[in-house]
Amino acid sequence: MTPVVRFTSLRSTPGSFRVTRSTEALHAAGEDFRLLLLSDHTTYMANGAHGADPVPFVLYDSRVSEGSGLPYSEANGRKGPYVDDGAELMDLLFELKKL
């Protein structure tokens, strides 16, 4: 199961300079947009090894002003909610499914 983390603002995310610049440009264009960010695997801080644990993701929607308010992290992602199959992420992105 893949944890879902929703954000009110991507600006609060450490190291998000490029994402912030991109979202600011999209907002400035006046178009609604959705953005899905995730990693392809977990990396354990203790030893740098890759793991098969579920990864958190951000599903940002410019039309939504509320979110979890939590920073993007594996610890916050483990709080859920979850997506059972990673392929469902595209359905969520294109609004074919809701959580």
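Here is what the cut-offs are and how they apply
Residues numbered from 1 in each chain as written. Predicted model: local features only at pLDDT ≥ 70, side-chain atom pairs only at ≥ 80, totals over all residues. Heavy atoms only, no water. Helix = DSSP H or I, 4+ residues; strand = E, 2+ residues; numbered from the N terminus. Buried < 20%, exposed > 50% of the residue type's maximum accessible area, 1.4 Å probe, protein only. Contact = heavy atoms within 4.5 Å. Salt bridge = Lys/Arg side-chain N within 4 Å of Asp/Glu carboxyl O.

A. Quick look at the environment of Glu74. Along the chain, Glu74 turns up in helix α2 (residues 74–77). Glu74 sits in the partly exposed class, given a relative accessible area of 32%. With sequence-adjacent residues up to four places away left out, Glu74 is seen in contact with Thr42, Thr43 and Pro56.

B. Summary view of the pattern of salt bridges. For the structure shown, the criterion picks out 5 salt bridges. Between Asp61 and Arg63 there is a salt bridge, with its nearest N and O atoms 2.7 Å apart. You can call Asp61 buried: its relative accessible area is 9%. Residue class for Arg63 comes out partly exposed when judged on its relative accessible area of 44%. Between Glu95 and Arg63 there is a salt bridge, with the nearest N and O atoms lying 2.7 Å from each other. One end of the pair, Glu95, is in the segment after α3 (88–93); the other, Arg63, is in the loop between β5 (57–61) and α2, and 32 residues separate them in sequence. Given the relative accessible area of 36%, Glu95 is considered partly exposed. One salt-bridge network, held together by shared partners, links Arg34, Asp61, Arg63 and Glu95.

C. The environment of Pro54, seen in detail. Looking at the element boundaries, Pro54 is found in the loop between β4 (50–51) and β5. Residue classification places Pro54 among the partly exposed positions, given a relative accessible area of 42%.

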